[in-house]
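Letter by letter, the chains look like this.
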Amino acid sequence: MESLKGRDLLSLADLTVAELHSVLSLGIQLKSGMRKLQRRKVLGLMFSKASTRTRVSFSVAMYQLGGHIIDLNPSVTQVSRGEPLVDTARVLGRYLDAIAIRTFAQKDLETFASYAEIPVINALTDREHPCQVLADLMTVQECFNRMAGLTLTYFGDGANNMAHSLLLGCAMVGMNIRIATPSQYPPNPEIVEQAKAIAAGKTEVIITDDPAEAAKGSHVLYTDVWASMGQESEADDRIPLFMPFQVNESLLAKADDDAIVLHCLPAHRDEEITDGVIEGVRSRVWDQAENRMHAQKALLASLLSDD
Ligand code: CP
Ligand code: NVA
């Protein structure tokens, strides 16, 4: 196991390829057995946005490792009354062993990490959702017994956190990544360049506005909500633009015969994914959601190791 002791995870690219593989294999091992931290540790959860999976999977993972969590919802701390982030970070860094933060701006996460002398984990920002991609890749590995050489196609909002973290994660494990998105919603060019540099011309990094072409031969069809948290007021206007990118039965028919369907959840049935597909035989979304807990347990065991 590559030790990540004391490190931050602000972007998936903060891990080396070897470290990413190491977390994924530990997640698969931990799924069939427990592991305890040598000393009881405490993880803070500071979430400025709603969460079901991330909050609960981090909490249960921490309890199963023998540690504790403290809910630091900003509304119950002095953050809601304007205490500066840099002061909060320095203080919490002296109490906690690690903190998982869900917020809007990646910059706030980076600022917090630079002032808190503990591991800071990105539990979702507008830019990235690396913990979700740990679980996604673990699910791909379990379903196909390999990752390298497979093609994952993401359909929907190319400018959101999931598209960005999938670009990085797939490139890191040697998977082809295609982002099928309306031309008005391209991924952040900096992240596309980062993914291309990682792929180094050996695997595909494709951004396209042609969903049918993108689906062809794909092993994993992936989608996410069309309006992310914080974009609720745009939701209705986005529907007609994104509808051609819906993951439905006819899109699935263009993919590889053994293709699986993933969605980070929560899902809007009959918007980004049809009820038939999410409930259908190719869907692996419940295994994927379960794997959040195993992958994050592996991450926590590594970040908080006593060795
Ligand atoms: N996929 C995901 O992060 O779910 P939550 O928003 O429920 O945590
Ligand atoms: N893109 C979604 C992911 C939710 C897990 C959002 O940010 O709301």
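Owing to the predicted nature of the structure, the values given are computational and were not obtained by experimental measurement.

**Some words on the pairing of strand E1 (residues 42-47)**
Phase 1 of the analysis: Across four bridges, E1 lies against strand E2 (residues 68-71) in parallel orientation. When the bridges of E2 are listed, Val42 appears paired with His68.
Phase 2 of the analysis: Tracing the backbone out of E1, into helix H2 (residues 53-64) and back to the parallel element E2 gives a crossover that is right-handed.
Phase 3 of the analysis: With five bridges joining them, E1 and strand E3 (residues 98-102) adopt parallel strand pairing. From the neighbouring strand, Met46 faces E3, where its bridge partner is Ile101.

**Quick notes on the domain arrangement of the protein chain**
The extent of an interface is frequently quoted as the accessible surface area lost upon association of the parts.
Phase 1 of the analysis: Along its sequence, the protein chain is carved into domain 1 (12-128 + 292-303) and domain 2 (132-288).
Phase 2 of the analysis: Centre-to-centre separation of domain 1 and domain 2, based on C-alpha positions: 25 Å.
Phase 3 of the analysis: Every contact between the two is made by 21 residues of domain 1 and, on the other side, 18 residues of domain 2.
Phase 4 of the analysis: Counting only elements with at least two residues in the side of domain 1 that touches domain 2, the list comes to helix H1 (17-31) and helix H12 (285-303).
Phase 5 of the analysis: Among the elements that line the side of domain 1 that touches domain 2, the one with the most residues is H1, at six residues.

**Topic: the site of ligand 2**
Phase 1 of the analysis: Around ligand 2, the structure places Leu124, Asn160, Asn161, Met162, Asp224, Val225, Ser228, Met229 and Cys264.
Phase 2 of the analysis: Taken together, the residues that form the shell around ligand 2 break down as five nonpolar, three polar and one charged.

**Considerations on the site of ligand 1**
Phase 1 of the analysis: If you check the shell around ligand 1, you find Ser51, Thr52, Arg53, Thr54, Leu124, Gln132, Cys264 and Leu265 and nothing else.
Phase 2 of the analysis: Partitioned by chemical class, the residues of the shell around ligand 1 number three nonpolar, four polar and one charged.
Phase 3 of the analysis: Looking at which domains feed residues into the shell around ligand 1, each of domain 1 (12-128 + 292-303) and domain 2 (132-288) supplies at least three.

**With respect to helix H7 (residues 189-199)**
Phase 1 of the analysis: Along H7, the positions that sit buried rather than exposed are Ile191, Val192, Ala195 and Ile198. Axial view of H7: buried residues confined to an arc of 125°, hence all on one face. Turned more than 90 degrees away from the buried face of H7 sit Pro189, Glu190, Glu193 and Ala197, all of them exposed.
Phase 2 of the analysis: Along its buried surface, H7 packs onto helix H6 (161-172), strand E6 (176-180) and strand E7 (205-208).
Phase 3 of the analysis: Directly beyond the C-terminal end of H7, a positive phi value near 50° is found at Ala200.

**Focus: unusual backbone geometry**
Phase 1 of the analysis: The residue after Leu265, namely Pro266, is reached through a cis peptide bond having omega 5°.
Phase 2 of the analysis: Residue position: Pro266 is located in the loop between strand E9 (260-263) and helix H11 (275-278).
Phase 3 of the analysis: A positive phi angle, close to 60°, is found at Asn145, a residue other than glycine.
Phase 4 of the analysis: By the element assignment, Asn145 lies in the loop between helix H5 (130-144) and strand E5 (151-155).

**Some thoughts on the UniProt feature "domain: Aspartate/ornithine carbamoyltransferase Asp/Orn-binding" (unreviewed entry) in the protein chain**
Phase 1 of the analysis: UniProt records the feature "domain: Aspartate/ornithine carbamoyltransferase Asp/Orn-binding" (unreviewed entry) for residues 149-302 in the present numbering.
Phase 2 of the analysis: The span residues 149-302 is 40% helix and 14% strand, and its two end C-alpha atoms sit 28 Å from each other.

**Examining the sheet that holds E5**
Phase 1 of the analysis: What the five strands build is an open sheet, ordered E7-E6-E5-E8-E9; its pairing is parallel. The open sheet has two free edges, formed respectively by E7 and E9, since each of these has just one partner strand. Strand-to-strand twist in this sheet, taken as the mean axis angle between neighbours without regard to direction, amounts to 20°.
Phase 2 of the analysis: In the sheet, E5 pairs with E6 via five bridges, with the strands oriented parallel. From the neighbouring strand, Thr151 faces E6, where its bridge partner is Asn176.

**A few points about the confidence of the model for the protein chain**
Phase 1 of the analysis: Summary statistics for the protein chain give a mean pLDDT of 96 and a share of 99% for residues scoring 70 or more.
Phase 2 of the analysis: Listed scores for the predicted complex are pTM 0.94 and ipTM 0.99.

Conventions used here
- Residues numbered from 1 in each chain as written.
- Chains lettered and ligands numbered in written order.
- Predicted model: local features only at pLDDT ≥ 70, side-chain atom pairs only at ≥ 80, totals over all residues.
- Pairing = 2+ DSSP bridges.
- Helix = DSSP H or I, 4+ residues; strand = E, 2+ residues; numbered from the N terminus.
- Right-handed = clockwise from strand over helix to strand, strands pointing away.
- Domains from an automatic or database assignment.
- Contact = placed C-beta atoms within 7 Å.
- Near = placed C-beta within 6 Å.
- Nonpolar A, V, L, I, M, F, W, Y, C, P; charged D, E, K, R; others polar.
- Buried ≥ 20, exposed ≤ 12 C-beta atoms within 10 Å, placed from the backbone.
- Arc of directions from axis to C-beta.
- UniProt positions renumbered as here; feature names shortened; annotations may be inferred.
- Axes fitted to C-alpha atoms, helices over the stretch in contact; angles between N-to-C directions.
- pLDDT = per-residue confidence, 0-100.

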